[in-house]
Amino acid sequence: SALDLFDGYGRALSPGLAAVVLTLNPSCLVLGGGAALAGDVLVDAVRRHLGPRCLRTPEIRASALGAEAVVTGATRASLDSIESELFSVAGGPSD
């Protein structure tokens, strides 16, 4: 069934997400991309499989941006890079 597919996806994501949680100890994980459109179905599957792997399970949410999250993040990273080049001062701390 479709729920079994999302359960398998949550199981597959959990080792990598557990490494992030155990290393960075975030208070919240936001699941983005097209899979985030599944909303609570995916969130519940990830929470179910992540819980046993972590000392403390952070809040888990699906991004409201859905599939646009990847494009939005890439655009922001590009703009940050351009802004740092345009507004850096020669001979300043970044040189």
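Residues numbered from 1 in each chain as written. Predicted model: local features only at pLDDT ≥ 70, side-chain atom pairs only at ≥ 80, totals over all residues. Heavy atoms only, no water.

Q: Can you walk me through the overall build of the chain in this structure?
A: In terms of helices and strands, the chain carries three helices and two strands. Starting at the N terminus and ending at the C terminus, the chain contains elements arranged as α-β-α-β-α. The globule rule puts the C-alpha radius of gyration for 95 residues at 12 Å, and the 17 Å found for the chain is more than 25% above it. Seen along its three principal axes, the alpha-carbon backbone of the chain occupies a region of about 60 × 30 × 20 Å. Out of the 95 residues belonging to the chain, those deemed buried represent 25%. (Helix = DSSP H or I, 4+ residues; strand = E, 2+ residues; numbered from the N terminus. Rg over C-alpha atoms; globule rule 2.2 N^0.38 Å. Buried < 20%, exposed > 50% of the residue type's maximum accessible area, 1.4 Å probe, protein only.)

Q: Just to check I follow, could you spell out the nonpolar core for this structure?
A: Grouped burial of nonpolar side chains is what soluble globular proteins tend to show. Ranked by size, the top nonpolar core spans eleven residues in total: Leu17, Ala18, Val21, Leu29, Leu31, Leu42, Val43, Val46, Leu50, Cys54 and Ile60. Filtering out sequence-adjacent residues up to four positions away, Ala18 remains in contact with Leu50, Arg53 and Cys54. (Core = buried A, V, L, I, M, F, W, Y, C linked by side-chain atoms within 4.5 Å. Contact = heavy atoms within 4.5 Å.)

Q: Please clarify how the state of the cysteines should be interpreted in this entry.
A: Think of a disulfide as a covalent bridge from one cysteine sulfur atom to another cysteine sulfur atom. In this structure the tally under the stated criterion is zero disulfides. With no disulfide partner, Cys28 has as its closest neighbouring cysteine sulfur the one in Cys54, 14 Å distant. (Disulfide = S-S within 2.5 Å.)

Q: Looking at this model, I keep getting lost on the environment of Leu22. Mind explaining?
A: Relative to the helices and strands, Leu22 resides in helix H1 (residues 2-24). When near neighbours in sequence (up to four residues on either side) are disregarded, Leu22 contacts Arg53, Cys54 and Leu55.

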